[in-house]
Amino acid sequence: MRSIPRRIVAALALAVALPLAACGGGGDGDNVVIGTKFDQPGLGLKNPDGTMTGFDVDVARYVAEQLGYTDDQIVWKEAPSAQRETLIANGQVDYIVATYSITDSRKERVSFAGPYLITGQSLLVRADNTDIVGAESLENNKKLCSVTGSTPAQRIKDQYPGVQLQQYDTYSACVEALKNGAVDAVTTDEVILAGYAAQSPGTFKIVGGTFSEERYGVGLKKGDTELQTKINDALVKMFESGAWKAAWDNNLGASGLPAPTPPTIDQT
Ligand code: GLU
């Protein structure tokens, strides 16, 4: 039997290797693995039928398309707040779009593209509550829920040490606890709280305004400037084409928050 010519073997090897190299982290060459939230309505939500919806999901999809992936090449992976840096550092995801604030301490382990949205920390209480009007009123023996590994939980620990903070793994668990009376308030970014409030009309209200600036970025492998540049370019295209505004309107338009304008990209 004749052996396979060497140049064909080389061409085959290249054909296999190239898509793998192009893919970077968690993907297997044909797919792109994207980390997002599965339990945040309006932002990142896995529906009972398995479909994914939300503003972050739309941003992630737009970026994937710009990177050359079709919709069925996307593999969604749940990225809870406390696990995001690890998922990226271990190569389990290619990138994360999950209400992920750009911070200096996170930048020690991951890089970011963006920002693609700016929001701020706020408070969610039951609709009939009258005595919680801001973070200070929580020091009056109130139970506050937030999520492990999040910037809002850290800010409460740093700035309001007198507050009884309970840290759960997800905001949906906090909102459930708020509904059944186990806690008095939930704190995280206003846009996230607005998504939960819109899901259960008349049950909750947002109070206290915003008391931080949270700049959402797309998390990616530390130092991968090539991917970072490609994602920044995709975000600019999303802003300028009107797709970003459409994603806001479709996912968060009903939340009652005023439509923001796209931020200026500054992660390089
Ligand atoms: N944006 C904040 C953070 O990245 C809170 C939202 C979240 O935990 O996903 O920590």
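Predicted, not measured: the structure shown is a model, and the values here were computed from it.

## As for the pattern of salt bridges
Point 1. Evaluated as defined, the whole model comprises nine salt bridges.
Point 2. The salt bridge partner of Arg126 is Asp184, with a shortest N-O separation of 3.8 Å. Residue Arg126 is located in strand S8 (residues 121–126), and its partner Asp184 is located in the loop between helix H5 (171–179) and strand S11 (185–189); the two are separated by 58 residues in the primary sequence.
Point 3. The salt bridge partner of Arg215 is Asp266, with a shortest N-O separation of 2.4 Å. Within this pair, whereas Arg215 is found in strand S13 (residues 214–221), its partner Asp266 is found in the segment after helix H8 (243–252), the two being separated by 51 residues in sequence.

## Description of the site of the ligand
Point 1. Taken together, 17 residues surround the ligand, and among them Lys37, Ser81, Thr99, Ser101 and Asp189 come closest.
Point 2. The separation between an oxygen atom of the ligand and a polar side-chain atom of Tyr171 is 2.7 Å.
Point 3. Protein contacts shield 100% of the accessible area of the ligand, which totals 290 Å² for the unbound molecule.
Point 4. The cavity that encloses the ligand is the largest cavity.
Point 5. For the shell around the ligand, the residue count by class is six nonpolar, six polar and five charged.

## Section: the sheet that holds strand S10 (residues 164–168)
Point 1. Taken in spatial order, the five strands line up as S10-S9-S11-S8-S12 in an open sheet, and their pairing is mixed. Bordering the open sheet on either side are S10 and strand S12 (204–207), each of which pairs with just one other strand. Strand-to-strand twist of the sheet, defined as the mean angle between neighbouring strand axes without regard to direction, takes the value 30°.
Point 2. Here strand S9 (residues 143–147) pairs with S11 via two bridges, running parallel. When the sheet's bridge partners are listed, Leu144 is paired in S11 with Ala185.
Point 3. Contacts from helix H4 (residues 151–159) reach S8, S9, S10 and S11 within the one sheet, and its direction differs from that of S10 by about 160°.
Point 4. Along the sheet face, H5 touches S8, S9, S10, S11 and S12 and points at about 150° away from the line of S11.

## Quick word on the packing of helix H7 (residues 225–241) against H8
Point 1. Orientation of H7 relative to H8, taken along the N-to-C sense of each, is 75°, at an axis distance of 4 Å. In terms of orientation, H7 and H8 fall into the roughly perpendicular class. Packed against H7, whose contacting residues are Met238, Phe239 and Ser241, the element H8 presents Ala243, Trp244 and Ala247 at the interface.
Point 2. Counted by class, the contact of H7 with H8 contains five nonpolar, one polar and no charged residues.

Cut-offs applied
Residues numbered from 1 in each chain as written. Predicted model: local features only at pLDDT ≥ 70, side-chain atom pairs only at ≥ 80, totals over all residues. Heavy atoms only, no water. Salt bridge = Lys/Arg side-chain N within 4 Å of Asp/Glu carboxyl O. Helix = DSSP H or I, 4+ residues; strand = E, 2+ residues; numbered from the N terminus. Near = heavy atom within 4 Å. Polar contact = N/O pair within 3.5 Å; in protein donor to acceptor, adjacent residues only side chain to side chain. Areas by Shrake-Rupley, 256 points an atom, 1.4 Å probe, with all protein chains shown as cover. 1 Å grid on protein atoms, 1.4 Å probe; cavity = no way out; pocket = protein on both sides within 12 Å on 5 of 7 lines; lining within 4 Å. Sits in = over half its atoms within 2 Å of the grid points. Nonpolar A, V, L, I, M, F, W, Y, C, P; charged D, E, K, R; others polar. Pairing = 2+ DSSP bridges. Axes fitted to C-alpha atoms, helices over the stretch in contact; angles between N-to-C directions. Contact = heavy atoms within 4.5 Å. Parallel < 35°, antiparallel > 145°, perpendicular 65-115°, else oblique.

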